[in-house]
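Structural description and commentary
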Amino acid sequence: MRNRWLSPIAVVVLAAVIAVGAAFDPSGLAAPYTWTGADLLPVAGLWQLAAPAVYVPLLLTGVGVLAWTVARGRAPLRTALLVWGAVVWSAMAAKLVMSLVMAFGDVVYLAWSTGFTGVKAAIFGLPVLVAAWLAQLLHRRLAPPPPASASSPSPGPEANPAAAAGTFFPRASGPGWAAAGVAVVLAASVGRVWWGGSPVGYAIGDSPLAPAPEAGPLGCLAAVTLLGVLTWALNRGLGATTSPRAVVAGLSALGAAATLGLVEVAIGISGDLAGGDLFWAPAIMLRLAPALSFGALLALGTATIVALLQPVRRTGLLPPRKGVASSVPVRTAVVVAAAALALPLLQPGATAAPPPRTKALGLSADRRIVDADGNEVLLRGVNVNQLEDYFQRRPDKAVTRPLTEADFAGMERMGFNVIRLALSWSALEPRPGHYDPAYLARISWAVETAARHGMRTVIDMHQDAWGKGVDAAPGTTCRNGSPMHGWDGAPTWADRFDGAPRCEFTGRDISPAVARAFTNFYQDRDGIQTRLVAAWGMLAERFANEPMVAGYDLLNEPGFGEAPPITSGVLLGRYYDRAIKAIRAGERRGFPHLIFFEPSVLWSGLGFEVSVPKDFTDDRLLVFAPHLYNESITIDQGTGVTVTSIERGFELASRAARYYGAGLWSGEWGWFGDPASAPIARYTDQEDRHRIGGAFWVWKQSCGDAHADTDSRTGGNLMIEDCATGKDLPPPAEYVAELSRPYPRSAPGRLTGLTSDRASLTARGEGSGCGLDVWFPGNARPSVHGTGLKDVAARQAPGGWRITGCTTGPYDLTAQAPAEGTR
């Protein structure tokens with residue numbers, strides 16, 4: 001007898017969970033539904049209604065319908081498990097439809113990303129599972145037993161030995177072999193996308209057991225076989241509920257994929273624990289998410305095929321099912337054979353084309369940053385924020401400090417060869433379509449002056465928490481968090497907050513107003529994104545023939561919007577693609593420059609992120625530029641634990657760059673706090689180990705900067721300001737020593753090894769040429785020796801020495817500061 005109360009109970013409990021989550025988590029990062037508090041009217045587009053009008057109704061409807069279909073079962077636990085699976089599958093299906101409403105296209109990425117919704121649904125579906133189990137227990141106790149038929153007596157134990165034994169595998173009501181076969185074929189068909197090509201594959205590495213080429217032939221065969229066997233086994237176990245066969249088959253496939261994800265968690269846990277941090281915790285989610293989204297696809301395909309097979313079986317075209325004992329070996333053999341035959345579908349895809357050559361900095365075939373002569377270049381320097389247009393928190397203090405020639409001379413003395421020059425869109429385009437000529441002149445002067453001092457410039461479109469306009473009105477009260485002050489970035493004419501609270505939930509970037517502003521930007525509401533894209537085209541035309549411009553950083557720490565990773569993945573990637581196209585159009589009378597692109601601000605806060613789709617652009621001059629703030633200002637540091645260590649942060653960034661086929665550069669790092677106890681040496685050791693560069697944050701910070709506390713006595717992270725007098729204080733010696741350590745500014749061919757400290761350097765490489773240029777700090781001439789070198793010379797430069805020379809084939813170079821007594 002059907003339990004007619006099961007479906008409404010499941011829907012009511014789930015609705016209550018959604019409401020509670022929305023009330024306590026306006027960010028939606030942990031809750032099943034995001035409710036920022038923004039106005040629903042006027043409606044700017046369907047995307048604005050996607051969550052309340054598409055996701056929630058489809059989720060509740062899906063759970064209600066599926067719970068109704070399985071309500072005949074008299075096995076309470078099995079029925080409750082099916083209802084739980086229905087919650088997980090319905091949440092992912094509803095999220096996919098919502099995603100397509102918000103960002104039509106990129107179907108594979110959007111389908112894959114529903115796995116994170118699946119992980120959350122498995123958690124917030126637990127109250128539904130408990131409620132369904134209790135409802136079924138009560139129903140079984142209160143409902144009368146089904147009437148026995150005199151003409152059809154109940155079969156005895158001899159007719160069903162599995163049921164008599166009380167095992168979890170009584171006689172199945174659904175065709176398990178069909179479900180297993182569909183699971184195998186689908187696994188082999190699309191496994192590469194979900195495992196080897198997923199946007200978080202970089203974070204968990206290659207699994208030895210996965211339906212993807214990276215696992216190797218045996219790993220692929222084992223994975224798809226396991227999926228088939230698990231689907232068959234779960235179908236037999238859950239089929240005893242007398243539920244519709246197609247539903248049971250589909251949810252069995254979902255459970256099989258989830259189980260494979262748990263197996264991968266078990267396999268990877270030793271490596272996740274090896275780093276000495278707590279990365280194993282998010283790694284569980286990162287391994288389960290692709291498994292669940294894949295399971296949702298398997299569930300749909302399996303349920304569909306099984307449903308289609310039922311009328312075919314009734315025609316007699318398919319043989320009747322045999323007994324359990326005799327069918328197990330045969331069906332297992334069929335699953336294994338199907339897995340083996342499907343393996344050719346898992347062959348790796350084609351590799352990307354090599355990047356083009358350019359007169360400015362470019363990329364080598366193996367994605368290292370190189371100059372026009374093919375020398376590998378390490379870009380090491382500092383962020384410069386003195387052209388930014390910050391919100392003014394302290395009326396008596398300037399928001400920035402003047403940028404002068406003396407600043408560039410000081411950077412040169414520390415051996416820097418690059419600056420990351422932060423611009424503000426609000427200063428660049430104070431009115432739509434009007435670019436401030438005075439501000440453009442300041443940008444050009446900074447680029448030219450940096451070049452005179454031997455430094456290239458990465459032009460960075462900077463923002464923090466959207467812009468000045470997020471400043472909360474006096475007297476604002478916040479239900480969650482605290483009132484915000486303004487920041488920097490977008491001009492106020494681009495603000496579209498739609499009444500969302502200007503409150504910090506757990507930080508400036510986790511704010512309803514910031515999330516709505518970025519969502520509107522990603523949706524190009526009122527053409528605001530188009531205006532920034534046009535600004536990039538204008539800047540690219542201005543510097544089209546400037547070789548000392550290293551490239552363009554398209555947007556600093558982009559906000560994640562209201563629906564990550566739809567907004568922070570697909571839509572952010574589309575903005576990047578538009579900006580890159582505008583830049584290339586602006587460079588048509590010059591030469592192409594590098595494109596630096598960042599993941600969303602979540603990377604800066606977590607140390608990892610689901611970033612933009614792999615194919616977001618067909619441009620090949622790409623540099624992945626996350627901000628490696630591990631063990632610095634990441635969210636975990638506020639809790640007293642370390643989730644992603646410095647070492648793991650570099651490894652994750654390196655893997656992500658390989659995923660995109662891009663170079664790697666740390667756009668920001670620093671903010672370690674007390675210099676005496678800061679782990680800066682561990683950071684710089686990793687920079688050498690991975691042979692990359694980066695830009696320290698920040699050269700000079702004013703006491704009136706939005707980052708500075710209103711009661712700060714000093715401002716700045718490197719060149720410190722005395723807030724009482726406005727004068728410079730000595731920079732922290734620990735930071736200066738590490739930032740000015742020796743390094744190869746450029747090296748012929750490719751570097752294969754690099755270690756350095758404050759007084760020595762050892763570099764190894766392969767290649768011939770005369771582009772060797774090594775920075776060495778200090779007044780005393782360093783001793784230099786090595787192999788594969790010729791015409792080596794050391795000349796004194798501001799703040800230190802420049803060691804130049806030529807290399808022939810494999811080479812190594814060691815430079816050492818003289819001992820104290822010989823200086």
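Residues numbered from 1 in each chain as written. Predicted model: local features only at pLDDT ≥ 70, side-chain atom pairs only at ≥ 80, totals over all residues. Heavy atoms only, no water.

Describing the overall build of the chain
Broken down by element type, the chain carries 22 helices and 23 strands. Considering the chain as a whole, with its 823 residues, one finds that 59% of them fall into the buried category. Taking the intrachain contacts of the chain between residues at least 6 apart in sequence as the baseline, contacts between residues at least 24 apart amount to 72%. Summing over all exposed atoms, the chain offers an accessible surface of approximately 31500 Å²; the carbon and sulfur share of this is 62%. (Helix = DSSP H or I, 4+ residues; strand = E, 2+ residues; numbered from the N terminus. Buried < 20%, exposed > 50% of the residue type's maximum accessible area, 1.4 Å probe, protein only. Contact = heavy atoms within 4.5 Å. Areas by Shrake-Rupley, 256 points an atom, 1.4 Å probe, with all protein chains shown as cover.)

Some remarks on the confidence of the model for the chain
Per-chain confidence: the chain averages 88 in pLDDT, with 89% of residues scoring 70 or above. Overall, residues 150–174 carries pLDDT values under 50, and its contacts beyond four positions in sequence, including any with other chains, amount to 29 contacts. In this model, residues 330–334 is a region of pLDDT below 50 whose contacts with residues beyond four sequence positions or in other chains number 5 contacts. (pLDDT = per-residue confidence, 0-100.)

Digging into unusual backbone geometry
Residues Leu 41 and Pro 42 are joined by a peptide bond in cis, for which omega reads -5°. Its place among the elements puts Pro 42 in the loop between helix H1 (6–24) and helix H2 (50–69). Put simply, Trp 697 and Val 698 share a cis peptide bond, and its omega is 10°. Its place among the elements puts Val 698 in the loop between strand S14 (694–697) and strand S15 (714–715). Even without a glycine there, the phi angle at Arg 691 is positive, about 50°. Here Arg 691 is to be found in the loop between helix H21 (680–689) and S14.

Some thoughts on the packing of helix H4 (residues 107–124) against helix H5 (residues 126–142)
Running from N to C, H4 and H5 point in directions that differ by 40°, and their axes come no closer than 4 Å. It follows from the interaxial angle that H4 and H5 lie oblique. Contact with H4, carried on its side by Ala 122, Ile 123 and Phe 124, involves Leu 126, Pro 127 and Val 128 of H5 and no other residues of that element. Among the residues making up the contact of H4 with H5, the classes are represented as 6 nonpolar, no polar and no charged. (Axes fitted to C-alpha atoms, helices over the stretch in contact; angles between N-to-C directions. Parallel < 35°, antiparallel > 145°, perpendicular 65-115°, else oblique. Nonpolar A, V, L, I, M, F, W, Y, C, P; charged D, E, K, R; others polar.)

A closer look at the environment of Thr 725
Tracing the backbone through its elements, the reader meets Thr 725 in the loop between strand S16 (720–722) and strand S17 (728–729). A sequence separation of 11 residues divides Thr 725 from Thr 714, and the C-alpha atoms of the two residues are 9.8 Å apart. From its side chain, Thr 725 meets the backbone nitrogen of Lys 727 in a polar contact 3.3 Å long. (Polar contact = N/O pair within 3.5 Å; in protein donor to acceptor, adjacent residues only side chain to side chain.)

Points about the state of the cysteines
The final tally for this structure, using the stated rule, is 3 disulfides. Each disulfide pairs two cysteine sulfurs, and for Cys 478 the partner residue is Cys 503, the sulfurs being separated by 2.0 Å. Because the sign of the S-S torsion sets the handedness, a value of about -85° for the bond joining Cys 478 and Cys 503 places this disulfide among the left-handed ones. Remark: Cys 503 occurs in strand S8 (residues 503–504) and Cys 478 occurs in the loop between strand S6 (456–462) and strand S7 (482–483); sequence separation between them is 25 residues. For the residue pair Cys 478 and Cys 503, the accessibility class agrees, reading buried in each case. In the chain, the bonded cysteines, numbered by position in the sequence, are linked as 1-2, 3-4, 5-6. (Disulfide = S-S within 2.5 Å.)

Regarding the sheet that holds S6
The strand order across the open sheet built from 9 strands is S12-S11-S10-S9-S6-S5-S4-S14-S13, with neighbouring strands paired in parallel fashion. Only two strands of the sheet have a single partner each, and these edge strands are strand S12 (663–664) and strand S13 (666–670). Pairing geometry for strand S11 (residues 622–624) and S12, over 2 bridges, is parallel. Looking across to S12, one finds that Phe 624 is bridged to Leu 664. Of the strands in this sheet, strand S5 (418–424), S6 and strand S9 (549–553) are in contact with helix H15 (residues 437–452), which crosses S5 at around 175°. (Pairing = 2+ DSSP bridges.)

Some details on the packing of H1 against H2
Between H1 and H2, the least distance of the axes is 8 Å, while the angle of their chain directions is 155°. As far as their axial angle goes, H2 and H1 are roughly antiparallel. Between H1 and H2 lies a crossing whose hand is right-handed. Here Leu 6, Ser 7, Ala 10, Val 11, Leu 14, Ala 15 and Ile 18 of H1 come into contact with H2, specifically with Leu 59, Leu 60, Val 63, Gly 64, Ala 67 and Trp 68. Looking at the contact of H1 with H2 residue by residue, the class counts come to 11 nonpolar, 2 polar and no charged. (Left-handed = near helix turned anticlockwise from the far one by under 90°.)

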